[in-house]
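For reference, the chains in residue letters:
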Amino acid sequence: MVTDPIADFLTRVRNAIKARHRIVEVPASNLKKSMTKVLHEKGYILNYKFEEDNAQGNIKIALKYDPETKTPAISNLERVSKPGLRKYSDSENLPRVLNGLGVAIMSTSKGVITDKEARTLKIGGEVLCYVY
């Protein structure tokens, strides 16, 4: 039983990057699928595939590395809003990650989006994690 599935998702990806794995598998949920799509759109992961089985299914994520230096595209994944202490931001106080170089993944009324998209839509929400 996992008490914080989003932290488990981020930890699995973080550990796979540290171990230089090409592919990581995580249990699927709608929120994790949305976060994976955002990571792919922003170029932090190479590709992803949703596998359905009788239970909840899995997400296979192909991690992205630089072809020459072999450095990973994701240098840090940081969980912000935790089950014990939720972090919310309104549209005026949205976080800037690494002065705009990283992204904050947010859960809003318009779905799971980045901080930059939330700024253009002028909406706030729960700050799930920072990626850079």
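Placed above this text is the structure.
Residues numbered from 1 in each chain as written. Predicted model: local features only at pLDDT ≥ 70, side-chain atom pairs only at ≥ 80, totals over all residues. Heavy atoms only, no water.

Asks: I'd like a rundown of the nonpolar core, residues and numbers included.
Replies: Counting 26 residues, the largest nonpolar core has Val13, Met35, Ile61, Leu63, Ile105 and Val131 as the members making the most contacts within it. Only α1 (5-18), β1 (23-27), α2 (30-41), β3 (58-63), β6 (103-108) and β8 (125-131) provide two or more residues apiece to this core. Counting residues per element, this core draws most heavily on α1, at 6 residues. Setting aside residues up to four positions removed in sequence, methionine 35 forms contacts with Ile6, Phe9, Leu10, Ile105, Val112, Leu128 and Cys129. (Core = buried A, V, L, I, M, F, W, Y, C linked by side-chain atoms within 4.5 Å. Buried < 20%, exposed > 50% of the residue type's maximum accessible area, 1.4 Å probe, protein only. Helix = DSSP H or I, 4+ residues; strand = E, 2+ residues; numbered from the N terminus. Contact = heavy atoms within 4.5 Å.)

Asks: Break down the packing of aromatic side chains for me, with residues and values.
Replies: Using the criterion set out here, one finds 1 aromatic pair in the structure. Taking 5.2 Å as the distance between ring centres and 45° as the angle between the ring planes, the aromatic pair formed by tyrosine 48 and phenylalanine 50 counts as tilted. Among the residues examined, phenylalanine 50 registers a relative accessible area of 27% and is labelled partly exposed. In this structure, lysine 33 is placed above the aromatic ring of phenylalanine 50, and the distance from its NZ or CZ to the ring centre is 5.3 Å. (Phe/Tyr/Trp six-rings, centres within 6.5 Å; stacked < 30°, edge-to-face > 60°. Lys NZ or Arg CZ within 6 Å of the ring centre and 35° of its normal.)

Asks: Let's hear about the pattern of salt bridges: which residues, and what values?
Replies: As a working rule, side chains carrying opposite charge can pair if their charged atoms are close by. Under the counting rule described, the total for this entry stands at 9 salt bridges. Lysine 42 is the partner of glutamate 117 in a salt bridge, and the nearest nitrogen-oxygen pair spans 3.9 Å. Placement of glutamate 117 in helix α3 (residues 115-121) and of lysine 42 in the loop between α2 and β2 (45-51) is noted, with a sequence separation of 75 residues between them. Judged by its relative accessible area of 37%, lysine 42 falls in the partly exposed class. (Salt bridge = Lys/Arg side-chain N within 4 Å of Asp/Glu carboxyl O.)

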